[in-house]
Amino acid sequence: MIYVYNTLSLKKEVFKPITTGKINMYVCGPTVYNYIHIGNARSAIAFDTVRRYFEYRGYEVNYVSNFTDVDDKIINRAQKEGISELAVANKYAEAFHEDTLPLNIKPATIRSRATEVIPDIIDFVKDLIGKGYAYESEGDVYFRAKKFKGYGILAHQDLAEMEANAAGRLNDDETVRKEDPVDFAVWKNEPREGVISWESPWGKGRPGWHIECSVMAQKYLSNTIDIHGGGIDLAFPHHTNEIAQSEARTGQKFVNYWMHNGFVNVNNEKMSKSLGNFTTLHDLLSTYDDPMVIRYLLSTTQYRRPINYENNTVEQARLELERIRTAYRNLLFRLDSSELGSDGKVEVIIEEQTKAFEQAMNDDFNTPNALAAIFELVSLANTYTKSNVVKRNSIQELLETISKLMSVFGIDGLDSHADLTTEQRELLDMRVKARQSHDFTKSDLLRNRLKEVGILVEDTPQGQRWYKA
Ligand SMILES: [Zn+2]
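Residues numbered from 1 in each chain as written. Predicted model: local features only at pLDDT ≥ 70, side-chain atom pairs only at ≥ 80, totals over all residues. Heavy atoms only, no water.

Where an unreviewed UniProt entry is consulted, the protein appears under the name Cysteine--tRNA ligase, with the organism given as Leuconostoc litchii. The Subunit (unreviewed entry) comment attached to the protein in UniProt states, word for word, "Monomer." (UniProt positions renumbered as here; feature names shortened; annotations may be inferred.)

Here you go:
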């Protein structure tokens, strides 16, 4: 059984999919007006890991996500740069794909943009007006929050708190057009020339932010979906408003499990542009040559907890990931010198630790405990590969298990030399050849050269082994 913490009930609940073996999940994507920051990256990694674990358990996962490609931030940026809103959105949507690819984040089954579903949004808004849940006011359309029974249930706030919150976010222009301050826009009037807009029954305008996710979840998945995910900052007002809109339209429960990931703090402070600690994934990837270290780092904390990011946590992550890769290489190295058959004891530990890994992941995706199980296998691999006699089946099973479990974290290719530079790789190859042709002077020179570039080599009866210094 898999337990999922549901923000709606504030409890871990047994996960039951609507359709056996299948999962419909929707995760809020970024507004494409800038490079994504490390907090967006964490959200993408957290839900990719959730998806991968469900897939590991044999589920078929339909994963839908969006790009918000029309909103004030995009319009402002387009005006500042003197280009179209579409050009801004295209640039940063492209950057999103370029930056998430090295992190091995699976592409969404469907990723839709707000501007691709405008007719569906207009139909949705028409329905809300028809049912009395929304009203037009000077070209804007607002949702009557108080008419929706249970408004704010996800935010765990009562109406008075929400009214106080709404007052804090008020924009005076809008307030005069609203029946009530807690109402929110589902459609916005756009009278300006040269600014992106669409014709609608309420005049020229564009969608409010919350409506696109309600529309896409219903259009691409279903009226009721299994999981909806996003950062905890989205619970109110974004997800609160999604529930109101969707359930007002369909009369059915919108989401069975609401999952929210925690923040990323930078040097123990909340990340913000004003503090100057705003870290984009794009910058991070250009600072560190191994993107898997970033993925590993953002996986080491359970998804609901805050992560503190500092340079030394990256270094710690690098060392830990290198320990796993080294153990994997040690196993591969001993494969050639292994004897046929199985060890027996090794298999028992593999089974125990695989169970421990699954128990941890079943417990609301407790990734640190799951990693602890992987490190037990790493220790086993390190001890076992030092034995005089090793059995082929046991080595194979260790390799397969470590690789399969790491793949749930999106970390593949443990055996590849992807983390080596071209120079390091070439020097290693040259040294193998030098030793094969008994040119020991050359092989010694190459050993020194490799040391200078951070690789230590060791000659064993089974051939050359290497480690990162
Ligand atoms: Zn959303």
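**Q** What is the right way to read the environment of Ser 379 from this model?
**A** Looking at the secondary structure, you find Ser 379 in helix α13 (residues 367-384). Using a relative accessible area of 33% as the deciding quantity, one classes Ser 379 as partly exposed. For the pair Ser 379 and Pro 291, spaced 88 residues apart in sequence, the C-alpha to C-alpha distance is 25 Å. (Helix = DSSP H or I, 4+ residues; strand = E, 2+ residues; numbered from the N terminus. Buried < 20%, exposed > 50% of the residue type's maximum accessible area, 1.4 Å probe, protein only.)

**Q** Hey, could you run me through the UniProt feature "binding site: Zn(2+)" (unreviewed entry) in the protein in this one?
**A** UniProt's entry tags Cys 28, Cys 213, His 238 and Glu 242 with the feature "binding site: Zn(2+)" (unreviewed entry), counted in the numbering of this structure. Their sequence span is 215 residues, while the largest C-alpha to C-alpha distance among them is just 11.1 Å; these annotated residues converge on one region. Relative to the assigned elements, Cys 28 resides in the loop between β3 (22-27) and α1 (38-56). Positionally, Glu 242 belongs in helix α8 (residues 235-250). Residue Glu 242 is classed as buried on the basis of its relative accessible area, which comes to 0%. Ignoring any residue separated from it by four or fewer positions in sequence, one finds Glu 242 in contact with Cys 28, His 210, Cys 213, Ser 214, His 228, Phe 254 and Trp 258. (Contact = heavy atoms within 4.5 Å.)

**Q** When you look at empty space enclosed by the protein in this model, what are you seeing that I'm missing?
**A** If you roll a probe as big as a water molecule over the atoms, it shows you where there is empty space left. For the structure shown, the criterion picks out 3 cavities of 30 Å³ or more. In this structure, the largest cavity encloses a volume near 100 Å³. As for the largest cavity, its lining consists of Arg 42, Ile 45, Ala 46, Thr 49, Val 50, Leu 298, Ser 299, Thr 301, Gln 302, Tyr 303, Phe 365 and Thr 367. Listed by contribution, the elements that provide at least two residues to the lining of the largest cavity are α1 and α10 (291-299). The residue inventory of the lining of the largest cavity, partitioned by class, reads 6 nonpolar, 5 polar and 1 charged. No fewer than three residues from each of domain 1 (3-261) and domain 2 (282-408) sit in the lining of the largest cavity. (1 Å grid on protein atoms, 1.4 Å probe; cavity = no way out; pocket = protein on both sides within 12 Å on 5 of 7 lines; lining within 4 Å. Points joined across faces, edges and corners; volume = space filled by probe spheres on them. Nonpolar A, V, L, I, M, F, W, Y, C, P; charged D, E, K, R; others polar. Domains from an automatic or database assignment.)

**Q** Whenever I open this one, the nonpolar core confuses me. Can you help?
**A** When a protein is soluble and globular, its nonpolar side chains tend to lie buried together. Core analysis: the largest hydrophobic core is formed by 86 residues, its most contacted members being Met 25, Phe 54, Ile 324, Phe 357, Phe 365, Ile 374 and Leu 398. Residue-level mapping places this core at the junction of two domains, with at least three residues from each of domain 1 (3-261) and domain 2 (282-408). In contact with Ile 374, not counting residues within four places along its chain, are Ile 324, Phe 357, Leu 405, Met 406 and Phe 409. Judged by nonpolar contacts, the second largest core, of 41 residues, contains Phe 148, Leu 154, Met 216 and Ala 244. (Core = buried A, V, L, I, M, F, W, Y, C linked by side-chain atoms within 4.5 Å.)

**Q** Please clarify how helix α14 (residues 392-408) should be interpreted in this entry.
**A** Each α-helix turn comprises 3.6 residues. Residues three or four places apart therefore point the same way. When the terminal C-alpha atoms of α14 are compared, their 25 Å separation across 17 residues agrees well with the 24 Å that a helix rising 1.5 Å per residue should span. What α14 keeps buried is the set Ser 394, Ile 395, Leu 398, Leu 399, Thr 401, Ile 402, Leu 405, Met 406 and Val 408. Gly 410 sits one or two positions beyond α14 and adopts a positive phi of about 80 degrees. (Expected span 1.5 Å × (residues − 1).)

**Q** When you look at the coordination of the zinc ion in this model, what are you seeing that I'm missing?
**A** Cys 28 (SG), Cys 213 (SG) and His 238 (NE2) make up the full set of protein donors to the zinc ion, lying at 2.0 to 2.2 Å. Written as a sequence motif, the donor arrangement for the zinc ion is C-x184-C-x24-H. With Cys 28 in the loop between β3 and α1 and Cys 213 in helix α7 (residues 211-221), this residue pair connects regions lying 185 residues apart in the sequence. The same class applies to Cys 28 and to Cys 213, which are both buried. (Donors = N, O, S within 2.8 Å, 3.2 Å for Na, K, Ca; no water.)

**Q** Would you mind going over unusual backbone geometry with me for this structure?
**A** It is generally the case that most residues other than glycine have a negative phi and that most peptide bonds are trans. At the junction of Phe 236 and Pro 237, the peptide bond is cis and its omega measures out at 0 degrees in the coordinates. Mapped onto the elements of the fold, Pro 237 is located in helix α8. A positive phi angle is found at Asn 268, which is not glycine, with a value near 65 degrees. Unusually for a residue other than glycine, His 438 sits at a positive phi of about 55 degrees.

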